[in-house]
Amino acid sequence: MTIEFKHVTCESKILNPTDSFHPENQVLESRWDPLTGWKQIFNSKLSEKIRMESPAVGEKIIEEVAARSKANCVFCPQNVEKMTPKFPPEILPQGRLRYGESWVIPNLFSAYEFSAVVILTDKHFLKLDEFSPHIFTGALNISLDFIKRVYGARSECKHAVMGMGYLPTSGSSIIHPHFQLYLSRIPFHYLDYVLKRSDKYFEQNSANYWKELVDVEKEAGERYVGRTGNVEWLATF
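Quick summary incoming for the structure in this document. Worth saying up front: this structure is predicted, and the values here are computed from it rather than measured. (Residues numbered from 1 in each chain as written. Predicted model: local features only at pLDDT ≥ 70, side-chain atom pairs only at ≥ 80, totals over all residues. Heavy atoms only, no water.)

## Description of the overall build of the protein chain
Threshold: What counts as a helix is a DSSP run of H or I of at least four residues, what counts as a strand is a run of E of at least two, and both are numbered from the N terminus. Each radius of gyration reported is based on C-alpha atoms, and the globular scaling rule is 2.2 Å times the count of residues to the power 0.38. Residue exposure (1.4 Å probe, protein chains only): buried if accessible area is under 20% of the type maximum, exposed if over 50%, otherwise partly exposed.
Summing up its helical and strand segments, the protein chain has 5 helices and 10 strands in all. Over its C-alpha atoms the protein chain spans a radius of gyration of 22 Å, topping by over 25% the 18 Å that the globule rule assigns to 237 residues. Expressed along its principal axes, the backbone C-alpha trace of the protein chain runs to roughly 60 × 55 × 30 Å. Out of the 237 residues in the protein chain, the part that is buried amounts to 32%.

In structure tokens:
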């Protein structure tokens, strides 16, 4: 079976009140994931939605919230060791993991066997353009170390996932830059589904879906980013 990047476009027409009710056509594109078959709909006009609000006011409010929350922030360096939980000694003898400004600590409320929080930096608040590759490199390195330590102690917990939402506008309850890291013996829902679909693809085609995907994307040249060691980087379809 050939990997197919199925997509369909259509138009939606409205009379736009922000443009004196002149007719406006919005192009919608539906895309189907070539492995799962799940559909997503894209509307490029959504990028203009934020402009309907005042960016200056939004930034001011966020900066005010950041300033108010700094003194009692459990992720700020003066509070981490006093106010955050520790892992049991059989997992981490020191209770927490720290490299430079990056920390791995337990989440106070667990969702999986290992629910960790990765603190990215000592700084309580950063604008998006103030994040650096160095910050994420440090956080990812300490996360990989933690994953290896957990796997060494509990090899059944082989499924790991990381996720980050920054600022309250993305659903984050704490301003300080951080992300979630989970490990479990049970595959996470999406990962479980993708693994099963990958197995089915192999059974039907006697081929590794992910290797074929990389080959197809390299040839297309639309979403292939590059390679680092044995890791291939792709932009999602």
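More follows now that the structure is in view.
## Regarding a nonpolar patch on the surface
Our working rule: Only residues above 30% relative accessible area that lack a salt bridge enter a patch, with like-charged residues linked at up to 9 Å and the nonpolar side chains Val, Leu, Ile, Met, Phe, Trp and Tyr linked at up to 5 Å. Here the Shrake-Rupley method, with its probe set to 1.4 Å, supplies the accessible areas, and only the displayed protein chains count as covering residues. Definition used for salt bridges: Asp or Glu carboxyl oxygen within 4 Å of a side-chain nitrogen of Lys or Arg.
A grouping of F136, L140, L144, M162 and M164 is seen on the molecular surface, where their side chains present a nonpolar patch of about 410 Å² in accessible area. When residues in the nonpolar patch are grouped by element, the largest group, 3 residues, is from helix α3 (residues 133-153). Within the secondary structure, F136 is located in helix α3. The class for F136 is partly exposed, based on a relative accessible area of 32%.

## Focus: the sheet that holds strand β2 (residues 22-32)
Worth spelling out the cut-off: For two strands to count as paired, DSSP must find a minimum of two bridges between them. Axis geometry follows a simple rule: fit a line to the C-alpha atoms, using only the stretch in contact for helices, then measure angles between N-to-C directions, giving values from 0 to 180 degrees.
The sheet built from 3 strands is open, its strands ordered β1-β2-β3 with antiparallel pairing. Each edge of the open sheet carries a strand with a single partner, namely β1 (7-16) and β3 (39-43). Each neighbouring strand pair of the sheet contributes to a mean axis angle of 25°, computed without reference to strand direction. Bridge analysis of β1 against β2 gives 10 bridges, and the strand direction is antiparallel. What sits directly across from K13, in β2, is N25.

## Remarks on helix α5 (residues 209-220)
Convention followed: Residue count minus one, scaled by 1.5 Å, sets the expected span of a helix. The directions from the helix axis to the C-beta atoms are what the arc is built from. Think of a polar contact as two N or O atoms within 3.5 Å of one another; within protein, one of them needs to be a possible hydrogen donor and the other a possible acceptor, and neighboring residues in sequence only count if both atoms come from side chains.
With 12 residues, α5 ought to run about 16 Å at 1.5 Å a step, and its terminal C-alpha atoms sit 16 Å apart, in line with that. Listed in full, the buried residues belonging to α5 are Y209, L213, V214 and E217. An end-on view of α5 places all buried positions within 135° of arc, on one side of the element. Of the residues in α5, the exposed ones pointing more than 90 degrees away from the buried face are K211 and E219. In this structure N208 caps α5, since a side-chain oxygen of it lies 2.8 Å from the backbone nitrogen of W210.

## Here we look at the environment of R227
For the record, the criterion: Contacts between residues were defined by any pair of non-hydrogen atoms, one from each residue, lying within 4.5 Å.
Checked against the element boundaries, R227 lands in strand β9 (residues 224-228). A relative accessible area of 54% places R227 in the exposed class. Discounting residues that sit within four places of it in the chain, R227 has contacts with E232 and W233. In terms of polar contacts, R227 uses its side chain to reach the side chain of E232, at 3.4 Å.

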